[in-house]
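# Coordinate analysis (summary)
Each chain, letter by letter, is given below.
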Amino acid sequence: MPYRPHPVALPDLTLPGTVTVTVWSADGATTPRVLAAVDRAWRAQPEERRPLAYAVCAAADGSTLLHYARWPDDTAATTGPGPYEEAVRTAAPVAERLAHGAYHRYRTGPRAEGEDRTAGCLVAVTVTFDGADPDRQRDWTDGMFAATGHDPYDRTGVIAAHFHTSADGTEVLNLAEWESEEAHRAAFEGAPADPADPVDGQPAEEPAVEPELTPEQQAAWDRVVNYPGITGSRVVRHVPLLVLAPSSGTARPQE
């Protein structure tokens, strides 16, 4: 069974620094222990060695935990995660580290001035390329912004989308804040989709309704979807469970 308390507010994902994202396998039984162990690891460290922010989010199906950390620079992002990885392994010895990477935020949109909604869902969209090319990462992201600028679909549930480029040059990671899982699902019921692309670990459904696009809109979307060198993509919805940040203290999940 997925561990599903009420979500907590995410940290500010627009602040500068180097971001690490680590994905661990999980189950409902061990997730509370992992959250408690990460909290203890945070409090046990001197303030100068802590990340600038740390968040743990559970995938919608409870099968994985995404650990987000923001560090002052690349050096800290390399040396800093150790105590938190040790905390996970101690609390959940059978947990597997499925992915780990360092990223830099490149662009954020479409947060409106005065936006104050709390994200109940963090959607992680990973796009993988066939080799390291920082220019290609930025060009694809710019193309996505151009495409969404011509988006005929209802995206009222989205709060902000934070596009990150991986330090190794091979991925773009969009961490998108949504009001809820339901808002994200509803927004994409009629959006163009590739049935082969996994969503929450399952094949995406064929669009139920596909609005008519203008030639300009279609060209913008086609450029993103058919961009040369993309080898895969993945979309996973998450619920924020634990947030640690010096300015706001600890945000613990509510049962």
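Residues numbered from 1 in each chain as written. Predicted model: local features only at pLDDT ≥ 70, side-chain atom pairs only at ≥ 80, totals over all residues. Heavy atoms only, no water.

## A closer look at the overall build of the protein
Along the backbone of the protein there are 6 helices and 11 strands. Burial status across the protein gives 48% buried among its 255 residues. Here the protein has roughly 12,400 Å² of accessible surface; of this, 51% comes from carbon and sulfur atoms. (Helix = DSSP H or I, 4+ residues; strand = E, 2+ residues; numbered from the N terminus. Buried < 20%, exposed > 50% of the residue type's maximum accessible area, 1.4 Å probe, protein only. Areas by Shrake-Rupley, 256 points an atom, 1.4 Å probe, with all protein chains shown as cover.)

## Observations regarding empty space enclosed by the protein
Taken as a whole and judged by the stated rule, the model has 3 cavities of 30 Å³ or more. Taken as a whole, the largest cavity encloses approximately 80 Å³ of empty space. Contributing to the lining of the largest cavity are Thr20, Thr22, Trp24, Tyr54, His67, Ala69, Trp71, Pro81, Tyr84, Glu85 and Val88. Taken together, the elements giving at least two residues each to the lining of the largest cavity come down to β1 (18-25), β3 (64-71) and α3 (82-91). Taken together, the residues of the lining of the largest cavity sort by class into 7 nonpolar, 3 polar and 1 charged. Secondary structure elements with two or more residues in the lining of the second largest cavity: β1 and β3. Residues of the lining of the second largest cavity, tallied by class, amount to 7 nonpolar, 3 polar and no charged. (1 Å grid on protein atoms, 1.4 Å probe; cavity = no way out; pocket = protein on both sides within 12 Å on 5 of 7 lines; lining within 4 Å. Points joined across faces, edges and corners; volume = space filled by probe spheres on them. Nonpolar A, V, L, I, M, F, W, Y, C, P; charged D, E, K, R; others polar.)

## Thoughts on the layout of surface pockets
To locate leftover empty space, one rolls a probe as large as a water molecule over the atoms. By volume, the second largest pocket amounts to about 460 Å³. Around the second largest pocket, the lining comprises 22 residues; the ones closest to its centre are Val21, Val23, Ala99, Thr126 and Arg234. Top contributing element to the lining of the second largest pocket by residue count: strand β4 (residues 97-109), with 6 residues. Looking at the lining of the second largest pocket, its residues break down into 10 nonpolar, 9 polar and 3 charged.

## Quick look at the nonpolar core
In terms of nonpolar packing, the biggest core is built from 26 residues, with Val34, Val38, Tyr54, Val56, Leu65 and Tyr84 touching the most fellow members. Breaking this core down by element, the ones donating at least two residues are α1 (31-44), β2 (53-59), β3, α2 (74-79), α3 and β10 (230-245). Ranked by the residues each element gives to this core, the list is headed by α1, at 6 residues. Every residue in contact with Val38, bar those within four places of it in the chain, is listed here: Tyr54, Val56, His67, Tyr84, Ala87, Val88, Leu242 and Leu244. (Core = buried A, V, L, I, M, F, W, Y, C linked by side-chain atoms within 4.5 Å. Contact = heavy atoms within 4.5 Å.)

## Here we look at α3
Two residues of an α-helix separated by three or four positions point the same way, owing to the 3.6 residues in each turn. When we look at burial in α3, the residues that qualify are Tyr84, Glu85, Ala87, Val88 and Ala91. Each buried residue of α3 lies within a common arc of 155° when the element is viewed along its axis, so the set occupies one face. Away from its buried face, by an angle of more than 90 degrees, α3 presents the exposed residues Glu86 and Thr90. (Arc of directions from axis to C-beta.)

## Regarding the side chain of His162
Take His162: it is sitting in strand β6 (residues 158-166). Residues in contact with His162, not counting those within four places in the same chain, are Leu13, Thr14, Arg105, Arg107, Thr108, Arg111, Leu173, Asn174, Leu175 and Glu177.

## Points about the environment of Arg223
Within the secondary structure, Arg223 sits in helix α6 (residues 215-225). With 79 residues separating them along the chain, Arg223 and Met144 place their C-alpha atoms 8.6 Å apart. Ignoring sequence-local partners within four residues, the contact set of Arg223 consists of Asp139 and Gly143.

## So, the packing of α1 against α3
α3 packs onto α1 with a crossing angle of 145° between their chain directions and a minimal axis gap of 8 Å. For the crossing formed where α1 meets α3, the hand is right-handed. Where α1 abuts α3, its residues Arg33, Val34, Ala37, Val38, Ala41 and Trp42 lie against Pro83, Tyr84, Ala87, Val88 and Ala91. Grouping the constituent residues of the contact of α1 with α3 by class yields 10 nonpolar, no polar and 1 charged. (Axes fitted to C-alpha atoms, helices over the stretch in contact; angles between N-to-C directions. Left-handed = near helix turned anticlockwise from the far one by under 90°.)

## Overview of the packing of aromatic side chains
The tally for this structure, following the rule as stated, stands at 4 aromatic pairs. Where Phe129 meets Trp140, the ring centres are 6.5 Å apart and the plane angle is 75°; that geometry is what we call edge-to-face. Residue Phe129 is located in strand β5 (residues 121-129), and its partner Trp140 is located in helix α4 (residues 134-148); the two are separated by 11 residues in the primary sequence. Of the two residues, Phe129 and Trp140, neither departs from the other in class, the shared state being buried. Ring plane angle 80° and centroid distance 6.3 Å describe the contact between Phe129 and Tyr227, whose orientation is recorded as edge-to-face. On the criterion of sequence distance, the pair formed by Phe129 in strand β5 and Tyr227 in the loop between α6 and β10 is long-range, its members being 98 residues apart. (Phe/Tyr/Trp six-rings, centres within 6.5 Å; stacked < 30°, edge-to-face > 60°.)

## As for the pattern of salt bridges
Enumeration over the complete set of coordinates arrives at 7 salt bridges. With a shortest N-O distance of 3.0 Å, Arg107 and Asp142 are connected by a salt bridge. Here Asp142 lies in helix α4 and Arg107 lies in strand β4, a separation of 35 residues in the sequence. Linking Glu179 and Arg117 is a salt bridge whose minimum nitrogen-to-oxygen distance equals 2.9 Å. In this pair, Glu179 is assigned in the loop between β7 (171-178) and α5 (181-187) and Arg117 in the loop between β4 and β5, connecting sequence segments 62 residues apart. A relative accessible area of 29% places Arg117 in the partly exposed class. (Salt bridge = Lys/Arg side-chain N within 4 Å of Asp/Glu carboxyl O.)

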